[in-house]
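Chain by chain, the residues run as shown.
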Amino acid sequence: MTKGAALRLGGIADIPESLAGCVVAVGNFDGVHRGHQAVLAVARELAEAEGRPLVCLTFEPHPRTVFRPDLPVARLTPAPMKARLLGALGFDAVVEQPFDRAFAALEPEAFVETVLVDCLKSHHVVAGFDFHYGAKRGGTPQTLAESGPRHGFGVTLVPAFADEGGETVSSSRIRALLEAGDVAAAAGQFGYRWTIRGEIVHGQKLGRSLGYPTANLVLEPDEMLKHGIYAVRLRRADGTLHDGVASFGRRPTFDNGATLFETFLFDFSGDLYSETVDVSIFAFLRGEARFESAEALVAQMDRDAEEAKAVLAGVAPLSPLDNAIAF
């Protein structure tokens, strides 16, 4: 599996001529889970067979957030992480098309002509079985399939992907698993360990005073993951990997303050402040709890660290994508 970086383009107006005649996978692909990977793999196979550029067309922000700003979609993979995953899957470029009400108002035929034909110069378009596009979602998989021959591009529609239990893999199903803390089951749906990206920020240095200095990230929205303790692996900007144990929550023993994702790295000393890192989450160890004393908390943290080390010592990649992202 290719581990290159996908070129990130800010919209269809930015597409270089070198990508003309591309194979395009189109969709939101939030989570880049196994259902999405089924679509993306078909596009990759077509591009490889014909030696054509491989492009993913996505939309930012998530269309549902535009239409329901009061209920924004909790993003499993914000744009930078999605691009990282797509690059690992072999995509040459990802077009992060700005999505607003004006773009949403494009008639379906205008979407095809403007986006897929004039700007992307698509040779072949691959989409999921439920892909809709254009004003009032008037464009359907059927109209896309009919548009292809008329405009000179091929169309492949990929059926729903079911897991080993026969259930359809979906982003909403994965969100429910993460909210329950079941990161192992979520990984089975993703096909890789869920990985968050962020800049290390300053905390209150409570961990340092306890002998557990932490690298702190803000995870938004903060109800996306169950509060608790996790076995994790952190990747620095230089690519080096460090195992650790993380606490996600509000530190009930001390301040019940702002929610932070706080990672203690084993056998590491150094300054990570302001560095952008990836943290892959391997296992849920226990829920967040309040302790009667700092000493009792430290004793439990010692046990958590040993459990995390044991978990991480036995992990193996779930897939080539997991190997590229978390190993």
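Above this text you will find the structure in question.
Residues numbered from 1 in each chain as written. Predicted model: local features only at pLDDT ≥ 70, side-chain atom pairs only at ≥ 80, totals over all residues. Heavy atoms only, no water.

A short note on the packing of aromatic side chains
Where two aromatic rings form a pair, the distance of their centres and the angle of their planes describe that pair.
Okay, step 1: Using the criterion set out here, one finds 13 aromatic pairs in the structure.
Okay, step 2: Ring geometry for Phe59 against Phe99: centres 6.1 Å apart, planes inclined by 80°, an arrangement best described as edge-to-face. Linking Phe59 in strand β3 (residues 54-60) with Phe99 in the loop between β4 (93-98) and α4 (101-104), this pair joins segments that are 40 residues apart in sequence.
Okay, step 3: Judged by its relative accessible area of 7%, Phe59 is buried.
Okay, step 4: Residue classification places Phe99 among the buried residues on the basis of a relative accessible area of 14%. (Phe/Tyr/Trp six-rings, centres within 6.5 Å; stacked < 30°, edge-to-face > 60°. Helix = DSSP H or I, 4+ residues; strand = E, 2+ residues; numbered from the N terminus. Buried < 20%, exposed > 50% of the residue type's maximum accessible area, 1.4 Å probe, protein only.)

Some points on the pairing of strand β6 (residues 154-158)
Okay, step 1: Examined bridge by bridge, strand β5 (residues 124-128) and β6 share five bridges and lie parallel to one another. The residue bridging His124 from the neighbouring strand is Gly154, located in β6.
Okay, step 2: A crossover links β5 with its parallel partner β6, the connecting element being helix α6 (residues 141-151), and its sense is right-handed. (Pairing = 2+ DSSP bridges. Right-handed = clockwise from strand over helix to strand, strands pointing away.)

Some words on the environment of Val311
Okay, step 1: Along the polypeptide, Val311 turns up in helix α10 (residues 294-313).
Okay, step 2: Taking relative accessible area as the criterion, Val311 reaches 27% and is therefore assigned partly exposed.
Okay, step 3: Between the alpha carbons of Val311 and Val155 there is a distance of 44 Å; along the sequence they are 156 residues apart.
Okay, step 4: With sequence-adjacent residues up to four places away left out, Val311 is seen in contact with Ala231, Ala283 and Leu285. (Contact = heavy atoms within 4.5 Å.)

A word on the environment of Phe103
Okay, step 1: Position of Phe103 among the secondary structure elements: in helix α4.
Okay, step 2: What makes Phe103 buried here is its relative accessible area of 12%.
Okay, step 3: The sequence separation of Phe103 and Ala135 amounts to 32 residues, and the corresponding C-alpha distance is 8.5 Å.
Okay, step 4: Not counting residues within four places of it along the chain, the set of residues in contact with Phe103 comprises Phe59, Gln97, Pro98, Phe111 and Val115.

Some thoughts on the packing of helix α7 (residues 171-179) against helix α8 (residues 183-190)
Okay, step 1: Packing of α7 against α8 leaves a shortest axis separation of 8 Å and a crossing angle of 160°. The angle between the axes of α7 and α8 places the two elements in the roughly antiparallel class. Of the two elements, α7 crosses α8, and the hand of that crossing is left-handed. In this structure, α7 contributes Arg173, Ile174, Leu177 and Leu178 to the contact, and α8 contributes Val183, Ala185, Ala186, Gln189 and Phe190.
Okay, step 2: Here the residues of the contact of α7 with α8 sort into seven nonpolar, one polar and one charged. (Axes fitted to C-alpha atoms, helices over the stretch in contact; angles between N-to-C directions. Parallel < 35°, antiparallel > 145°, perpendicular 65-115°, else oblique. Left-handed = near helix turned anticlockwise from the far one by under 90°. Nonpolar A, V, L, I, M, F, W, Y, C, P; charged D, E, K, R; others polar.)

The values reported here are purely geometric and, on their own, carry no functional implication.
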